[in-house]
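Here are the chains, one letter per residue:
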Amino acid sequence: KNEVEQSPQNLTAQEGEFITINCSYSVGISALHWLQQHPGGGIVSLFMLSSGKKKHGRLIATINIQEKHSSLHITASHPRDSAVYICPMNFGNEKLTFGTGTRLTIIP
Amino acid sequence: KAGVTQTPRYLIKTRGQQVTLSCSPISGHRSVSWYQQTPGQGLQFLFEYFSETQRNKGNFPGRFSGRQFSNSRSEMNVSTLELGDSALYLCASSLENTQYFGPGTRLTVL
């Protein structure tokens with residue numbers, strides 16, 4: 001069964017802190033995505049990974065294929081980073097399987 | 001390039017009615033996927049269309065259907081609405097495995 005687990009489910013941090021959100025999965029994947037969803041529902045695609053590491057501004061995403069694990073890091077966190085972060089995956093086709101999401105709150 | 005657009009953005013229906021939602025993908029994208037997001041179940045995959053053909057389907061009842069037109073625009077239809085169909089319906093168009101999400105249609109069933 002294709003399963004995706006995210007941790008933590010909720011995370012509250014002070015502005016400026018380094019944030020790590022984790023995602024693990026049970027079977028091989030063809031690609032992993034990191035999405036950001038703000039209150040109101042709008043979803044932004046942050047990264048798509050099949051191996052290695054990607055960086056965009058203060059965001060860094062890594063994936064370890066052998067350990068079936070991915071992390072999203074946010075450096076110098078800011079209140080505008082407050083959102084739900086989701087890591088859906090492709091298990092060999094276009095269909096995405098979603099994790100439960102991590103609700104991040106950054107306090108000024 | 002314009003992003004993925006969805007219409008309408010908000011919709012209120014009553015039980016038993018049917019509803020049609022529309023999604024216009026990013027120009028050049030041929031794959032359109034639909035997702036349902038509810039507080040209890042999170043994000044769930046409904047179906048995916050590519051070149052006017054349904055390519056993948058999630059575990060939803062037959063009341064949920066969709067189609068894709070030759071210009072890649074897609075519609076999804078829900079018949080005989082139930083209270084539990086109240087949700088945010090998102091569509092995403094994709095090119096080479098990267099999905100670009102629309103703003104969603106928030107459907108409320110009374």
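Given the structure is predicted, the values throughout are model-derived calculations rather than measurements.

Novice: Looking at this model, I keep getting lost on the interface of chain A and chain B. Mind explaining?
Specialist: Frequently, the measure chosen for interface size is the accessible area that the parts lose on association. Contacts between the two partners involve 17 residues from chain A, matched on the other side by 18 residues from chain B. Taking both partners together, chain A and chain B bury about 1500 Å²; carbon and sulfur atoms supply 53% of that area. If you look at where chain A meets chain B, you find 0 salt bridges. The interface formed by chain A and chain B includes 1 residue pair in polar contact (both at pLDDT 80 or more). Of the residues forming the side of chain A that touches chain B, the biggest block, 4 residues, is contributed by strand 4 (residues 31-37) of chain A. Grouping the amino acids of the side of chain A that touches chain B by side-chain chemistry returns 7 nonpolar, 8 polar and 2 charged.

Novice: Please clarify how the state of the cysteines should be interpreted in this entry.
Specialist: A disulfide bridge is the covalent bond that connects two cysteines by way of their sulfur atoms. Residue and element names in this part refer to chain B. Under the defined criterion, the tally for this structure stands at 2 disulfides over all chains. Between the sulfur atoms of Cys-23 and its disulfide partner Cys-91 the distance amounts to 1.8 Å. Handedness of the Cys-23-Cys-91 disulfide follows from its S-S torsion of about 60°: it is right-handed. Placement of Cys-23 in strand 3 (residues 19-24) and of Cys-91 in strand 9 (residues 87-95) is noted, with a sequence separation of 68 residues between them. Take Cys-23: its relative accessible area is 0%, and that puts it in the buried class.

Novice: For this particular structure, what's the right way to read the confidence of the model for chain B?
Specialist: For residues with low pLDDT, the predicted coordinates do not support detailed interpretation. In the predicted model, chain B carries a mean pLDDT of 91, and the fraction of residues at 70 or more is 98%. For chain B, strand 10 (residues 98-101) of chain B is the element with the lowest average pLDDT, namely 80, and strand 3 of chain B is the one with the highest, namely 98.

Novice: Would you mind showing me how to read the packing of aromatic side chains here?
Specialist: A ring pair, where both rings are aromatic, is described by two values, the distance of the centres and the angle of the planes. According to the stated counting rule, one finds 5 aromatic pairs over all chains in the structure shown. Centre to centre, the rings of Phe47(B) and Tyr49(B) are 5.7 Å apart; their planes meet at 70°, and the pair counts as edge-to-face. Each member of the pair, Phe47(B) as well as Tyr49(B), is classed as buried. In this structure an aromatic cluster arises from ring pairing among Phe98(A), Tyr35(B), Phe45(B) and Phe101(B). The ring of Phe50(B) has Arg55(B) sitting right over it, with the charged end atom 4.3 Å from the ring centre.

Novice: Whenever I open this one, the nonpolar core confuses me. Can you help?
Specialist: It is characteristic of soluble globular proteins that their nonpolar side chains tend to be buried jointly. The biggest cluster of nonpolar side chains holds 23 residues, and the ones touching the most others in it are Trp34(A), Tyr85(A) and Met89(A). Elements represented by at least two residues in this core include exactly strand 3 (19-25), strand 4, strand 5 (43-49), strand 7 (59-64), strand 8 (69-74), strand 9 (83-86) and strand 12 (102-107) of chain A. The element that contributes the greatest number of residues to this core is strand 3 of chain A, accounting for 4 residues. Ile26(B), Trp34(B), Val78(B) and Leu81(B) belong to the second-largest nonpolar core, a separate cluster that totals 21 residues.

Novice: Can you help me understand the environment of Gln6(A) in this one?
Specialist: Residues and elements named next belong to chain A. In this structure, Gln-6 sits in strand 1 (residues 4-7). Separated by 15 residues in sequence, Gln-6 and Ile-21 place their C-alpha atoms 7.5 Å apart. Beyond its immediate chain neighbours, meaning those up to four positions away, Gln-6 contacts Ile-21, Asn-22, Cys-23, Trp-34, Tyr-85, Ile-86, Cys-87, Gly-99, Thr-100, Gly-101 and Thr-102. Within the local environment of Gln-6, its side chain forms a polar contact with the backbone nitrogen of Cys-87, the two atoms lying 3.1 Å apart. Here the side chain of Gln-6 touches Thr-102 through a polar contact of 3.3 Å, side chain to side chain.

The rules we used
Residues numbered from 1 in each chain as written. Chains lettered and ligands numbered in written order. Predicted model: local features only at pLDDT ≥ 70, side-chain atom pairs only at ≥ 80, totals over all residues. Heavy atoms only, no water. Contact = heavy atoms within 4.5 Å. Buried area = accessible area lost by both parts, 1.4 Å probe. Salt bridge = Lys/Arg side-chain N within 4 Å of Asp/Glu carboxyl O. Polar contact = N/O pair within 3.5 Å; in protein donor to acceptor, adjacent residues only side chain to side chain. Helix = DSSP H or I, 4+ residues; strand = E, 2+ residues; numbered from the N terminus. Nonpolar A, V, L, I, M, F, W, Y, C, P; charged D, E, K, R; others polar. Disulfide = S-S within 2.5 Å. Buried < 20%, exposed > 50% of the residue type's maximum accessible area, 1.4 Å probe, protein only. pLDDT = per-residue confidence, 0-100. Phe/Tyr/Trp six-rings, centres within 6.5 Å; stacked < 30°, edge-to-face > 60°. Lys NZ or Arg CZ within 6 Å of the ring centre and 35° of its normal. Core = buried A, V, L, I, M, F, W, Y, C linked by side-chain atoms within 4.5 Å.

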